[in-house]
Structures are given as C-alpha cells and as structure tokens.
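One-letter residues, chain by chain:
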Amino acid sequence: IGCVADGTVIVVSQNAVYGLDLQTGEPKWDAANIPNGSQVVGRGVRKGNRYLLPTADQTIEELDIATGKWASRTQLEQMPGNLVNFNNRLLSLSPTQLDCYAIQDLLREEVKQELTQASTSLASLMKQGELALADGRIDVAMELLEKAY
C-alpha cells in the first residue's frame with residue numbers, strides 16, 4: 001500500500017499502480033502501468049492529490065490519485081530511491097546517496113511570488129533556471145543561471 005487519499009487506497013506493484021475504493025475494495029480506475037514499461041525502484045510518497053513514484057528510468061512519475069492518470073514526470077541525473085516529502089522538499093534515499101529536490105509546483109509558486117516584487121534576486125534567478133531545466137528548456141535555463149552567477 002502506497003497511501004490512502006480521499007477514499008482511495010493506492011496499491012503499488014513492480015510495474016503498475018492500482019486505485020481501490022476504501023469502502024468496497026473495488027477498482028476506482030484501470031491499472032496505471034508505469035510509463036515506458038519501466039519498474040518501481042523505491043517507495044513512493046503522496047503530495048496533495050498526487051502520488052510520486054521513483055522508477056528505473058531515472059524518473060519520478062506523478063500520478064493523479066483521483067483519475068489514475070499519469071500527470072507529469074521529472075527526469076533525474078541518477079537513480080532515485082525511497083521518497084519522502086519533507087518541509088516542501090522531496091528527499092530520495094537510495095543505497096548509495098541521499099538527494100534533495102525542490103517540489104516543482106511549490107517552487108513555481110515561490111518564483112511567482114518573488115517576481116511580483118520590484119527586484120529580481122539571485123536566488124529567484126536560480127530557481128527560475130532550475131524550473132526551466134526541469135521543463136527541458138535548456139537555453140532559457142542556461143541564460144537564467146548565467147545571470148545568477
């Protein structure tokens with residue numbers, strides 16, 4: 001069992017995620033196969049209405065708990081491990097390392113708030129660059145990160 005959220009029990013297998021009704025045990029949606037035929041490589045974590053799952057493709061996949069649809073994916077530089085949501089950060093513990101990631105939607109909100117202020121700080125430029133990199137906009141990310149340094 002990955003988690004229980006809003007009457008849905010999330011059950012995780014090696015290559016799929018299932019959403020079962022907490023009261024009846026009946027499926028709430030069809031099995032959500034791990035994208036690209038990948039496999040789960042650690043424990044996932046709930047974040048609001050999403051379930052985040054580490055995969056062998058070096059990604060963290062986000063599943064919408066209400067619909068059972070894959071909502072987004074984050075490509076990583078290394079293999080993720082067990083996930084923990086702590087203090088608005090996502091921690092990944094593998095057998096060889098502990099990594100810490102910003103949770104993208106929270107980081108986007110931080111940047112949005114910072115941009116409403118009169119001046120743009122170096123920290124804000126770095127956060128914007130990290131988000132652009134996560135979105136695959138390499139040229140924009142490089143430009144923002146160069147400005148920050």
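Residues numbered from 1 in each chain as written. Predicted model: local features only at pLDDT ≥ 70, side-chain atom pairs only at ≥ 80, totals over all residues. Heavy atoms only, no water.

Among the secondary structure elements, asparagine 87 is positioned in the loop between β9 (82-86) and β10 (89-93). Each C-alpha atom, one on asparagine 87 and one on alanine 102, is 9.9 Å from the other, the two residues being 15 residues apart in sequence. (Helix = DSSP H or I, 4+ residues; strand = E, 2+ residues; numbered from the N terminus.)

On to the nonpolar core, then. In terms of nonpolar packing, the biggest core is built from twelve residues, these being Cys3, Ala5, Ile10, Val17, Trp29, Ala32, Ile34, Val40, Tyr51, Leu53, Leu63 and Ile65. For this core, the secondary-structure elements that each account for two or more residues are β1 (3-5), β4 (27-33) and β6 (50-55). Setting aside its immediate chain neighbours within four residues, alanine 5 contacts Arg46 and Ile65. (Core = buried A, V, L, I, M, F, W, Y, C linked by side-chain atoms within 4.5 Å. Buried < 20%, exposed > 50% of the residue type's maximum accessible area, 1.4 Å probe, protein only. Contact = heavy atoms within 4.5 Å.)

Bringing the sheet that holds strand β11 (residues 98-102) into the picture now. Sheet architecture is open: three strands sit in the order β9-β10-β11, paired in antiparallel fashion. On the outer flanks of this sheet lie β9 and β11, each paired with one strand and no other. Adjacent strand axes in the sheet meet at a mean angle of 25 degrees, parallel and antiparallel pairs treated alike. Bridge count between β9 and β10: five bridges; the pairing is antiparallel. Its bridge partner being in β10, phenylalanine 86 is matched across the sheet by arginine 89. (Pairing = 2+ DSSP bridges. Axes fitted to C-alpha atoms, helices over the stretch in contact; angles between N-to-C directions.)

Quick look at the confidence of the model for the protein chain now. Averaged over all residues, the pLDDT of the protein chain equals 85, while 88% of them reach at least 70. Strand β3 (residues 16-21) holds the highest mean pLDDT among the elements of the protein chain, 97, whereas helix α1 (residues 104-115) holds the lowest, 62. (pLDDT = per-residue confidence, 0-100.)

Moving on, we get to the sheet that holds β3. Strand order in the open sheet formed by four strands is β1-β2-β3-β4, and the pairing between neighbours is antiparallel. A strand with exactly one partner marks an edge of an open sheet, and here the two such strands are β1 and β4. Averaged over all neighbouring strand pairs, the angle between strand axes comes to 20 degrees, with direction disregarded. Taken together, the four bridges between β3 and β4 define a ladder with antiparallel strand orientation. The residue of β4 that forms the bridge with leucine 20 is proline 27.

A few words now on the pattern of salt bridges. Enumeration over the complete set of coordinates arrives at four salt bridges. Residues arginine 50 and glutamate 62 are paired through a salt bridge, measuring 3.1 Å at the closest nitrogen-oxygen approach. With arginine 50 in strand β6 and glutamate 62 in strand β7 (residues 59-64), this pair connects stretches of sequence that are twelve residues apart. Overall, the relative accessible area of 24% leaves arginine 50 in the partly exposed class. Across the pair arginine 73 and aspartate 57 runs a salt bridge, and its minimum N-O distance is 3.9 Å. Taken together, the positions of arginine 73 in strand β8 (residues 69-75) and aspartate 57 in the loop between β6 and β7 put the pair 16 residues apart, joining distant regions of the chain. Exposure remark for arginine 73: the relative accessible area of 34% places this residue in the partly exposed category. (Salt bridge = Lys/Arg side-chain N within 4 Å of Asp/Glu carboxyl O.)

Turning to helix α3 (residues 138-148), its buried residues are Ala141, Leu144 and Ala148. Taken around the axis of α3, the buried residues stretch over an arc of 70 degrees, which confines them to a single face. Turned more than 90 degrees from where α3 packs its buried face, Asp139, Glu146 and Lys147 sit exposed. As for α3, its buried residues are in contact with α2 (122-134). (Arc of directions from axis to C-beta.)

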